[in-house]
Amino acid sequence: MKKICTTNAPAAIGPYSQAIKAGNLVFTSGQIPLDPATGALVNGGIAEQTERVMKNLLAVLLAAGSSPEQAVKTTCFLADMNDFAAFNEVYARYFTEKPARSCVAVKTLPKNVLVEVEAVALCE
């Protein structure tokens, strides 16, 4: 197993890694809408937060030698299922190969963000 770490995504805010590469798979930790340069939460609603989450997730996947096209499964957490359609609009631009996915509403996310996404993907 290999720990994946990149400065192009936010540092972990707890006792975990950005991702773990195991064999030809990478398992990412959930990404939230933190700006990796400042550590600050992204301002805006679900579209702006999802955009930042996708950029963070992309950075972690690339650091592991993978990409959204190689994703086999994502798990998406929304603070409000009323944001589902707006979330999907942004998500669909990044995951064009349509991996398997679960999307659930949760009571609260870290730092009270609106969205968190994790992925499992093939890698080189």
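Residues numbered from 1 in each chain as written. Predicted model: local features only at pLDDT ≥ 70, side-chain atom pairs only at ≥ 80, totals over all residues. Heavy atoms only, no water.

A. Quick look at the pattern of salt bridges. The final tally for this structure, using the stated rule, is one salt bridge. Among the ionic pairs, glutamate 51 bridges to arginine 93, the shortest N-O distance being 2.4 Å. Within this pair, whereas glutamate 51 is found in helix H1 (residues 46-63), its partner arginine 93 is found in helix H2 (residues 84-94), the two being separated by 42 residues in sequence. With relative accessibility at 52%, the residue arginine 93 sits in the exposed group. (Salt bridge = Lys/Arg side-chain N within 4 Å of Asp/Glu carboxyl O. Helix = DSSP H or I, 4+ residues; strand = E, 2+ residues; numbered from the N terminus. Buried < 20%, exposed > 50% of the residue type's maximum accessible area, 1.4 Å probe, protein only.)

B. Representation of the nonpolar core within the structure. Val26, Met54, Phe87, Phe95, Val115 and Val117 are the most contacted members of the largest nonpolar core, which has 26 residues in total. Counting only elements with at least two residues in this core, the list comes to H1, strand S4 (71-78), H2 and strand S6 (115-122). If one sorts the elements of this core by residue count, H1 sits on top with seven residues. Of all hydrophobic cores here, the second largest spans five residues; its members include Leu34, Phe77, Leu109 and Val113. (Core = buried A, V, L, I, M, F, W, Y, C linked by side-chain atoms within 4.5 Å.)

C. Quick peek at the environment of serine 102. With respect to the secondary-structure elements, serine 102 resides in strand S5 (residues 100-105). Look at serine 102 and you get partly exposed, because its relative accessible area is 30%. Along the sequence, serine 102 and alanine 92 sit 10 residues apart, while their C-alpha atoms lie 14 Å from each other. Not counting the four nearest positions on each side in its chain, serine 102 is found in contact with Lys73, Thr74, Thr75 and Cys76. (Contact = heavy atoms within 4.5 Å.)

D. Region of interest: H2. Taken residue by residue, H2 has Phe87, Val90, Tyr91 and Tyr94 as its buried positions. Buried positions in H2, seen along its axis, are confined to an arc of 100° and lie on one side of it. Among the exposed residues of H2, those pointing more than 90 degrees away from its buried face are Ala85, Glu89 and Arg93. On its buried side, H2 packs onto H1, S4, S5 and S6. (Arc of directions from axis to C-beta.)

E. Layout of the sheet that holds S6. Strands sit in the order S1-S2-S3-S6-S4-S5 across an open sheet of six strands; the sheet is mixed. This sheet does not close on itself; its edge strands, each paired only once, are strand S1 (2-4) and S5. On average, each strand axis in the sheet is tilted by 15° relative to the strand beside it, whichever way the strands run. Sitting on the sheet, H1 touches S1, strand S2 (19-22), strand S3 (25-28), S4 and S6, and the angle it makes with S6 is about 25°. Sitting on the sheet, H2 touches S4, S5 and S6, and the angle it makes with S5 is about 145°. (Pairing = 2+ DSSP bridges. Axes fitted to C-alpha atoms, helices over the stretch in contact; angles between N-to-C directions.)

F. Layout of unusual backbone geometry. In the Ramachandran plot, lysine 111 falls in the positive-phi region, its phi being about 60° despite a non-glycine side chain. Of note, lysine 111 is situated in the loop between S5 and S6. On the basis of relative accessibility, which here comes to 46%, the residue lysine 111 falls in the partly exposed class. A positive phi angle, close to 60°, is found at asparagine 112, a residue other than glycine.

Functional significance is not addressed by these values, which are geometric in nature.
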